[in-house]
Structure formats: structure tokens, C-alpha cells
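Coordinate analysis (summary)
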Number of protein chains: 2
Amino acid sequence: MAILVVGSVAFDSLETPSGKRERVLGGAATHFALAASFFTDVRVVGVVGEDFLPAHEAVLTAKGVDTTGIERAPGLSFHWTGSYVKDLNAADTLATDLNVFAEFSPKIPASYEDSDYLFLANIDPVLQAQVRSQMPHVKMVAGDTMNYWIGAHRENLLKVLRELDVLLINDAEARMLSGESNGLRAAEKVMELGPKSLIVKHGEYGATAYFSARSFGDGVARRPFRSPTMPLGEVMDPTGAGDSFAGGFYGYIASQKTLTPEVFRTAMFYGSVMGSFAVEQFGTERLQKTTKAEIEERFAHLKEISHL
Amino acid sequence: MAILVVGSVAFDSLETPSGKRERVLGGAATHFALAASFFTDVRVVGVVGEDFLPAHEAVLTAKGVDTTGIERAPGLSFHWTGSYVKDLNAADTLATDLNVFAEFSPKIPASYEDSDYLFLANIDPVLQAQVRSQMPHVKMVAGDTMNYWIGAHRENLLKVLRELDVLLINDAEARMLSGESNGLRAAEKVMELGPKSLIVKHGEYGATAYFSARSFGDGVARRPFRSPTMPLGEVMDPTGAGDSFAGGFYGYIASQKTLTPEVFRTAMFYGSVMGSFAVEQFGTERLQKTTKAEIEERFAHLKEISHL
């Protein structure tokens, strides 16, 4: 079934230990949509400027991603400049040019209204809430956020959290949101804020899913689940790894009839697989070339390196 | 079959977010021996001072650990003072009083000579090499080291590495030893220095085993293996977590007829299990109380939270 994702479609200028790239296609919604497109239909809501050319749109449409909801506005697209030269695990933001994103007000095309799965990528929680309220009948809502919104826009974010089936954040964000340094206790506090389930990403060390009694609608509180990552000989560009994880995870869930604990666990592995492709080249280069066969091969690989 | 472990038997004075303890029984050989004792016979070679009382020795002998090789010397035992108040994942060393350990020259009792498995805990590589050369007929040698030896005693350490079947170190040590920041490439470089296999510990995120074509004597280079950790609601004292991991890992291997890839993987899980007990209370408190049934229960738990 179809996923509606709202988030940034942007250009990134990047420097990593592997090299430099200027204005490559990026943005949370872009990475998410590409990764999810291997599993299900994806529809994007976002805004771009006059620098977003047919060739950029074709990156998405070539994978069957519906771009009807990408609004064109006068001016330039959102542009992020970052460096991973000091630490591949932590982006150093050099510039954030919001451009047309500064005035973004998400509009949902009529043809998107029957989407069953909603993904609120990392944007202003006020916009996340707007989109959520326009899609009252979705089966499931998942979302992402970041330190900036947790710190300076906490009240707005809390409203969004109350509506989430799954929140995906990283270790530092979980600590910041909960005020707890212990992972398990942090997860419990975060789920008390609303999310039925929580995925905490540990970068190169994988991810942990935490469940509440509300996770699968049966009142059973299950144990956490740990998913591994692929050991990679070179990480060329970590940008979009988390969004690609989310895309693989949510795309797989949307491709299944019901959300069971087994579907959730399998989705975590697919998330890890898609994240592993994303970082192998700059921007969207690797995801554009990925095949279904490679995904299944890497899924089997991940199982092999983590199962007794 | 029996494991001979050489390493420190010591007292630790600790401060963690959970509290403070003065002069609790510790030392790498102590934690290793206790953890391994659940799986096989363990014999300790070390040195203690006059402050090491029958009650301390009884902690080991109560678990069947052979203490014949713990030499008594005039003076005080090795005493480490550390704090984890700032960061549970990184010990802040406040004082290292070597005491009797400064003049330690390992002597292997005749009754230990038929030991089939040798573990060289984290001590001066010169001493590690001495013990290794006195045990030429062992089936397998595993060992640990730390940043101090990697930096200031590299040449001596390299001699030890050439003799190792398995080296167990953490991420920072692997980077320092190899000069590589990428985990996979670092592992390959470390194994080129000698160890047939390498286990890199990621603290609360588990561990990764790397294999060479020499790992199982069949010329096959296998893929890495990732083992998870237990999500724990409280880590009271991380001291000895790595040594307990090593004890569970190596103890399980020594309890099996041959070293197969499956035995290695299972041993990683038992390592994780023993590490998870070690950190739940101060010093050796939790390992002293652990039961075989608890170990099997936690092993099953670890499988449940990591397998699809």
C-alpha cells in the first residue's frame, strides 16, 4: 500500500574523507522515497525551487515515486552544506540555506488522499502536525525528528509524538528527548510521550527497536529487538543513511498486510540493508543503481552475520 | 578442557553514577576466571600482596577456580582507582598503584602444564610472551591488550600478536593498532599482524568478530559476525565487562571439542551474556551469584532479541 512522505527535497554540498561533491540531490524525503520505492508505492509532499530540474525529478520518477505533491516555488531549493571530514559519524553543518523551504506549507494532492501509511520526515513539527491532521484515516504514522526541534520546539514536537506509531531517532536524540542516559530507560520515557514503538539508531552499530504494550494492539509488552549493520570497507557519504533506513523499514511494513512483531523485525533488517547501500556512494548515486536482487542478497548476508 | 589465564588479580576503588566502592576484588584475571568458570576449569597465574585475604581467594575457589598459581608477595596488591561518573562507557583512571605487580614474573605451576587453552589478559606484553613461551603445546591462545601497550610498547606487543589465535580489543584499540578508522579495514590490518581472528568490542552496542583464512584452518575467509548486547535498565559498574566477555567466550570454546564457526558464534553470545551480568553490580558481586540457569535464560533472551 502507498506511503505518503512529507519532508525535504534538497541539494547537498558535501565533504567526506572520500571526496567533495557540490549540490547533489538530497533531502530526507528524497532518500526515504528512493529506499521505500523498492517495496511499495511512494508519494512525496515537498517544495523545490527553480534549480530543481527535470533530471532531478527523474531520479524519483524512474523508481516510480509519485512527485505530484512536490510544489515548485520561485527561488532556490533547500541547500545544506556539511562536512564529515573530522568524523564520519557526525555531520558538521557548514551552512543551511532554507530558501523556498522557509515558506513551505504542505499541500496534499487529492490523488494522495487514499495513502494508508504516513511518514513525517525531519521537518518543523508544526508542518508535521499539519500534514498529520490532513490525513486522519491513515493506518499508521511514523516519523523522524532532530536535536534542533527537540530543544527549541519541544512543545510543538510533543503534539506530533502523541500521534506516532513509530518514532525513529538516534542515541543522542533519545537522550535529549528523555533526559535519560541509559538506553532502555530513555526508550521507556520516550514512548510515554506517545510513540507506540521507538527505533533508536546507533550509526555504524545498528539499531534497537523498543516496544510498548500498544505496539501491536494486543497489550503485550515485548522485549527490544537489535538489528545489526553491514560491515563496509568504505563509507563514502553517510548523508541520508537514517532516511534510507526509515525508507527500507517503512516500505517493507507498507508492503505487508498487517504489522506483526515478525514483520517489524524483518523491516528493521531491510532498513539496515537500505542504509548500507545509501552510504556507499555520494548522495543518491548508490540507491539509484540498487537492484531488488542486491537487496535480497544483502538481507541474507545480514542474517548470516547476526544469526547463530 | 582447562584454561590457564595470566593477568591481574587486584583491588578496585570505583565511582560510578550508581555509587562508590572502596577496594573491591577485581583485576582482569579475576573477572575472566569467574566468567569462564561456568563453562570449564580455570587456572590463574598472577601475584597478590598481603592484603589479599582468604575471603578474597574464596571468591575464586568457590567457583572451582584453581588458585595454585597466584603468588603471594610482600607488600600490597595491585590497586586501581577509577571513575565512570562522567561517562559509563569510558573509565577515568584516577590512580594506578602497581605495588607487587611491578615486579611480577609469572611462574607456571607444574600442575598447570597440561592446560590446553591459554588466555593472556591485559598485562605487559613482555610477560604475555614469557607465559606463551612456557606453554608451547597449548591448542589455542587468546589475548587482550590496551592503548598503553599499543602506544609505548608496540614492538613487544607485535611479538605477542604473532602468536595469537584470537585477539580481543575495543574499537579505539583497533583503530590505534591499525591506524585505520574504518572498522573492516582496521580488522584486516590487525589480522595481518598475526591474530587469526579478531573480536572488536563496541561497549553497549555488542561486538564484531572478524575472520581470516587462518581462523578455522580450512583456508576459507568467512564474513564478520556481529553479536548483540542485552539492553539493561541499569549499568552499575562497567569494570570487568570486557574480561567477563572474554571469559564467557573462551570458557565456552574450551568446553567444546573443536573450534568451528558455529562454536565461535555461540561463544560470542556467551561472552555477551557474561558481560551483561558483570556490569549489573559492583566488582565481582553479580558474577558470584550468577547461576547456570540464569546464563541459559539470558542466552535465549539474546537470541530472541537478535534473530528474525
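Residues numbered from 1 in each chain as written. Chains lettered and ligands numbered in written order. Predicted model: local features only at pLDDT ≥ 70, side-chain atom pairs only at ≥ 80, totals over all residues. Heavy atoms only, no water.

The name an unreviewed UniProt entry gives chain A is Sugar/nucleoside kinase (Ribokinase family), with Granulicella mallensis as the organism.

1. Quick word on the relation of the copies chain B and chain A
It takes a turn of 180° to lay chain B on chain A, together with a shift of 0.0 Å along the axis; the resulting RMSD is 0.0 Å. In symmetry terms, the pair is related by a two-fold rotation axis. Looking at chain B, 100% of its interface residues are interface residues in chain A too, so the copies touch through the same face. (Least-squares fit on C-alpha atoms with pLDDT ≥ 70 in both. Contact = heavy atoms within 4.5 Å.)

2. Let's talk about the sheet that holds strand 7 (residues 92-97) of chain B
Residue and element names in this part refer to chain B. As summarised here, the arrangement of the four strands in space is 3-2-6-7, forming an open sheet in which the pairing is mixed. If you trace the sheet from one side to the other, it starts and ends with strand 3 (19-26) and strand 7, each paired once. Taking the axes of each pair of neighbouring strands and ignoring which way they run, one obtains an average angle of 15° across the sheet. As paired strands, strand 2 (residues 10-16) and strand 6 (residues 79-83) are joined by five bridges and run parallel to one another. Considered in strand 6, the bridge of Leu14 is made with Gly82. (Pairing = 2+ DSSP bridges. Helix = DSSP H or I, 4+ residues; strand = E, 2+ residues; numbered from the N terminus. Axes fitted to C-alpha atoms, helices over the stretch in contact; angles between N-to-C directions.)

3. Topic: helix 7 (residues 183-192) of chain A
Residues and elements named next belong to chain A. Along helix 7, the residues that are buried comprise Leu184, Ala186, Ala187, Val190 and Met191. For helix 7, the buried positions fall inside an angular range of 160° around the axis, keeping them on one side. Each element contacted by the buried residues of helix 7 is listed here: strand 10 (166-170), helix 6 (171-178), strand 11 (197-201) and strand 12 (207-211). N-capping of helix 7 is provided by Asn182, with a side-chain oxygen placed 3.0 Å from the backbone N of Leu184. (Buried < 20%, exposed > 50% of the residue type's maximum accessible area, 1.4 Å probe, protein only. Arc of directions from axis to C-beta. Polar contact = N/O pair within 3.5 Å; in protein donor to acceptor, adjacent residues only side chain to side chain.)

4. What to know about the sheet that holds strand 10 of chain A
All names here are of chain A. Reading across the sheet, the nine strands line up as 5-4-1-8-9-10-11-12-13 and stay open at both edges, with mixed pairing between neighbours. If you trace the sheet from one side to the other, it starts and ends with strand 5 (66-72) and strand 13 (225-227), each paired once. For this sheet, the mean angle separating the axes of adjacent strands, direction not counted, is 15°. The pairing of strand 8 (residues 117-120) with strand 9 (residues 140-144) spans four bridges and is classified as parallel. Looking at the pairing, Tyr117 lines up with Met140 of strand 9. Relative to the sheet, helix 7 contacts strand 10, strand 11 and strand 12, its axis offset from that of strand 12 by approximately 50°.

5. Considerations on the pattern of salt bridges
All names here are of chain A. By the definition in use, this model includes 30 salt bridges over all chains. Across the salt bridge formed by Glu285 and Arg21, the nearest N and O atoms sit 3.8 Å from each other. Here Glu285, found in helix 10 (residues 285-289), pairs with Arg21, found in strand 3 (residues 19-26); they are 264 residues apart in sequence, far enough to count as distant. Taking relative accessible area as the criterion, Glu285 reaches 29% and is therefore assigned partly exposed. For the salt bridge of Glu280 with Arg298, the shortest nitrogen-to-oxygen distance reads 3.2 Å. Taken as a pair, Glu280 in the loop between helix 9 (261-278) and helix 10 and Arg298 in helix 11 (residues 292-304) lie far apart in primary sequence, 18 residues in all. (Salt bridge = Lys/Arg side-chain N within 4 Å of Asp/Glu carboxyl O.)

6. Quick word on the interface of chain B and chain A
Tallying the contact residues gives 30 residues for chain B and 30 residues for chain A. Across the chain B to chain A interface the summed buried area is about 2900 Å²; carbon plus sulfur atoms make up 54%. By the criterion of area lost to chain A, the three top residues of chain B are Tyr205, Arg226 and Leu308 of chain B, representing 29% of everything that side buries. If you look at where chain B meets chain A, you find two salt bridges. In this structure, the salt-bridge partner of Glu304 of chain B is Arg223 of chain A, at a minimum N-O distance of 3.0 Å. Where chain B meets chain A, there are 18 residue pairs in polar contact (both at pLDDT 80 or more). Elements with a contribution of two residues or more to the side of chain B that touches chain A: helix 7 (183-192), strand 13 (225-227), helix 9 (261-278) and helix 11 (292-304) of chain B. Looking at which element gives the most residues to the side of chain B that touches chain A, the answer is helix 11 of chain B, with four residues. Grouping the amino acids of the side of chain B that touches chain A by side-chain chemistry returns 13 nonpolar, eight polar and nine charged. (Buried area = accessible area lost by both parts, 1.4 Å probe. Nonpolar A, V, L, I, M, F, W, Y, C, P; charged D, E, K, R; others polar.)

7. Focus: helix 8 (residues 241-254) of chain A
Residues and elements named next belong to chain A. Over its 14 residues, helix 8 runs 20 Å from end to end, which matches the ideal 20 Å to within 8%, given 1.5 Å per residue. The buried fraction of helix 8 is high, at 12 of 14 residues. Those residues of helix 8 lying buried are Asp243, Ser244, Phe245, Ala246, Gly247, Gly248, Phe249, Tyr250, Gly251, Tyr252, Ile253 and Ala254. (Expected span 1.5 Å × (residues − 1).)

8. Focus: the packing of helix 3 (residues 125-134) of chain A against helix 5 (residues 154-161) of chain A
If you want to describe how two helices pack, look at the angle between their axes and the distance between the axes. All names here are of chain A. Between helix 3 and helix 5, whose axes approach to 8 Å, the crossing angle comes to 30°. Between helix 3 and helix 5, the angle falls in the class roughly parallel. Remark: the crossing between helix 3 and helix 5 carries left-handed chirality. Residues Pro125, Val126, Gln128 and Ala129 of helix 3 touch helix 5, and the partners they reach there are Asn156, Leu157 and Val160. The residue makeup of the contact of helix 3 with helix 5, split by class, is five nonpolar, two polar and no charged. (Parallel < 35°, antiparallel > 145°, perpendicular 65-115°, else oblique. Left-handed = near helix turned anticlockwise from the far one by under 90°.)

9. Quick look at the UniProt feature "domain: Carbohydrate kinase PfkB" (unreviewed entry) in chain A
As annotated by UniProt and renumbered to match this structure, "domain: Carbohydrate kinase PfkB" (unreviewed entry) occupies residues 20-286 of chain A. Here residues 20-286 of chain A is 35% helix and 22% strand, with 16 Å between the C-alpha atoms at its ends. (UniProt positions renumbered as here; feature names shortened; annotations may be inferred.)

10. What to know about the pairing of strand 10 (residues 166-170) of chain B
All names here are of chain B. Strand 10 sits mainly inside the fold: four of its five residues count as buried. Alignment of strand 10 against strand 11 (residues 197-201), held across five bridges, turns out to be parallel. Bridging from a neighbouring strand, Leu167 pairs with Leu198 of strand 11.

11. Digging into the packing of aromatic side chains
In the structure shown here, the tally under the stated rule is 39 aromatic pairs over all chains. On the numbers, 4.9 Å between centres and 80° between planes, the contact of Phe211 of chain A with Phe264 of chain A is edge-to-face. A residue pair is termed long-range when its members are at least 10 positions apart, and Phe211 of chain A in strand 12 and Phe264 of chain A in helix 9 qualify at 53 residues. For Phe264 of chain A, a relative accessible area of 0% translates into the label buried. Aromatic pair Phe32 of chain B and Tyr250 of chain B: ring centres 6.4 Å apart, planes at 55°, arrangement tilted. Of the two residues, Phe32 of chain B sits in helix 1 (residues 28-36) while Tyr250 of chain B sits in helix 8 (residues 241-254), which places them 218 residues apart along the sequence. One aromatic cluster is present, formed by Phe39, Phe225, Tyr252, Phe269, Tyr270 and Phe299 of chain A through successive ring pairs. (Phe/Tyr/Trp six-rings, centres within 6.5 Å; stacked < 30°, edge-to-face > 60°.)

12. Observations concerning unusual backbone geometry
The backbone of Asn99 of chain A shows a phi angle near 50°, a positive value even though the residue is not glycine. Turning to its location among the elements, Asn99 of chain A is positioned in the loop between strand 7 (92-97) and strand 8. Residue classification places Asn99 of chain A among the partly exposed residues on the basis of a relative accessible area of 33%. Positive phi is not limited to glycine here, since Arg23 of chain B has a value of about 50°.

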